[in-house]
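Analysis of the macromolecular model
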Amino acid sequence: MRQARILAALYFILTISPAISDMTDSIEMMWGNTQVLYDSAGHQIMSLTLDQWTTSAFRSKSQYLFGRFDIDIKLVPKESAGTVTTIYMVTEGPWQYHDEIDLEFLGNTTGEPYTLHTNIYAKGKGGREKQYRLWFDPTEDFNTYSIIWNPHNILILVNGKPIRRMKNQMRDDTPFPLFQPMRMYASIWNADQWATQGGRIKTDWSQAPFTAFFRNYTANACVPYNRAWICGQGSGDSSWFNQELDDEGKQKLKDVDDKNKIYDYCTDSRRFPDGYPPECASQ
């Protein structure tokens, strides 16, 4: 009941940020070789580059409490083994209680597919890894990756297709990101100790620099208003606030599970010999 009252208050008091066309209006560069480029139509593209000496990253200027976040990414082509390109949302409070939503694109040798590694942390607890092989080549063109985060669930979508869902099961004492605002980050970094084929394939620095491209970042989300975090009916599409999967969405999710999912912590009996985490029963 307390949770329901808090969420009702949030919905009526916070404003919704509209979609933003120029990435630099809502994104700030952090470190490394991060550049703003322009396509033939004058639209901004942001690039992140990795070499032997530096990583690179950018982040959203705002923090958010719930929202729908979309971004187009074109990943490092050809020899990308050892590299990890990420988009993630994370809180900025004490790390032992942090919340986080991760999408990590694990590079591979030329001709071998990328792995999309996902994880969700709540109140400092992660270990909810799921991995996927995409049904297209993510290096040939831009593709859209989305996070929908609302009081009911977290949805991860690829080109509009749901690939992962985590329900809010706080009533069953399962932690869920609910009260802490998060900021969106993107980065590229070297993780050849584990990223490609369990660390067997190392980064080939003779192929550097490695560059990924980002465009069309939009955040239809709850933003701070004075000292409150309030979700109201301001400008922008707020349908995400109550969005859950309908029957068609559930079927699409099942299709991805059957055809594209290659690892799920909820089926890892070696890791959980005494029984799977309670949230696994209804994801």
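Position labels on residues start from 1 in each chain and follow its written sequence. The predicted nature of this model means local features are confined to residues of pLDDT at least 70 and side-chain atom pairs, given and counted, to a pLDDT of 80 or more, with totals for whole chains, interfaces and linings taken over all residues. Excluding hydrogens and water, the side-chain values take into account all heavy atoms of the structure.

In the nomenclature of an unreviewed UniProt entry, the protein chain corresponds to Xyloglucan endotransglucosylase/hydrolase from the organism Urochloa decumbens. Quoted verbatim from the Sequence similarities (unreviewed entry) field of UniProt, the annotation for the protein chain is "Belongs to the glycosyl hydrolase 16 family." The UniProt entry for the protein chain carries the following comment under Function (unreviewed entry): "Catalyzes xyloglucan endohydrolysis (XEH) and/or endotransglycosylation (XET). Cleaves and religates xyloglucan polymers, an essential constituent of the primary cell wall, and thereby participates in cell wall construction of growing tissues." UniProt positions are given in the numbering used here, feature names are shortened, and annotations may be inferred rather than shown by experiment.

So, about the overall build of the protein chain. Helix and strand definitions here come from DSSP, where helices need a minimum of 4 consecutive H or I residues and strands a minimum of 2 consecutive E residues; each element is numbered from the N-terminal end. The helix and strand inventory of the protein chain stands at three helices and 17 strands. Any two residues having at least one pair of non-hydrogen atoms within 4.5 Å are treated as being in contact. In the protein chain, the proportion of contacts linking residues at least 24 apart, taken out of those at least 6 apart, comes to 70%. As presented, the protein chain carries roughly 13,500 Å² of accessible surface, and 48% of it is formed by carbon and sulfur atoms. To measure how exposed things are, a 1.4 Å probe is used in the Shrake-Rupley method; for residues, cover is taken only from the protein chains shown.

For the rest of this paragraph, the subject is the pattern of salt bridges. One speaks of a salt bridge when a side-chain nitrogen belonging to Lys or Arg is within 4 Å of a carboxyl oxygen belonging to Asp or Glu. A complete count under the given rule lists 12 salt bridges for this structure. Of the charged contacts, one joins R59 and E28 as a salt bridge, the two residues approaching to 2.6 Å between their closest N and O atoms. One end of the pair, R59, is in strand 5 (residues 56–64); the other, E28, is in strand 2 (residues 27–31), with 31 residues separating them in the sequence. Burial classification: accessible surface area is computed with a 1.4 Å probe over protein chains only, and a residue below 20% of its type maximum counts as buried, one above 50% as exposed, and the rest as partly exposed. Accessibility expressed as a relative area gives 23% for R59, which makes it partly exposed. A salt bridge links R59 to E92; the shortest N-O distance between them is 3.9 Å.

Next up on the list: the UniProt feature "active site" (unreviewed entry) in the protein chain. Following the UniProt record, the feature "active site" (unreviewed entry) maps to E100 and E104 here. By the secondary structure assignment, E100 is in strand 8 (residues 100–106). For E100, a relative accessible area of 9% corresponds to the buried category. The definition of a polar contact used here is a pair of N or O atoms within 3.5 Å, where within protein one atom must be able to donate a hydrogen and the other to accept one, and adjacent residues in sequence count solely through side-chain atom pairs. Among the polar contacts made by the side chain of E100, one reaches the side chain of H98 at a distance of 2.9 Å. Tracing the backbone through its elements, the reader meets E104 in strand 8.

This brings us to the environment of G42. Inspection of the secondary structure assignment puts G42 in the loop between strand 3 (33–38) and strand 4 (44–50). A sequence separation of 20 residues divides G42 from D22, and the C-alpha atoms of the two residues are 9.9 Å apart.

Let's shift gears to the sheet that holds strand 9 (residues 115–121). Strand pairing follows a simple DSSP-based rule, namely that at least 2 bridges must link the two strands. With antiparallel pairing, eight strands are arranged side by side in an open sheet as 2-5-14-7-8-9-10-17. Of all the strands in the sheet, just strand 2 and strand 17 (261–264) have a single pairing partner and so form its edges. Neighbour-to-neighbour, the strand axes of the sheet open up by a mean angle of 15 degrees, direction not taken into account. Of the pairings in the sheet, the one linking strand 2 to strand 5 comprises four bridges and is antiparallel in character. In the sheet register, M29 faces strand 5, and the bridge partner there is F58. Axes here mean lines fitted to C-alpha atoms, for a helix over just the part in contact, with angles spanning 0 to 180 degrees between N-to-C directions.

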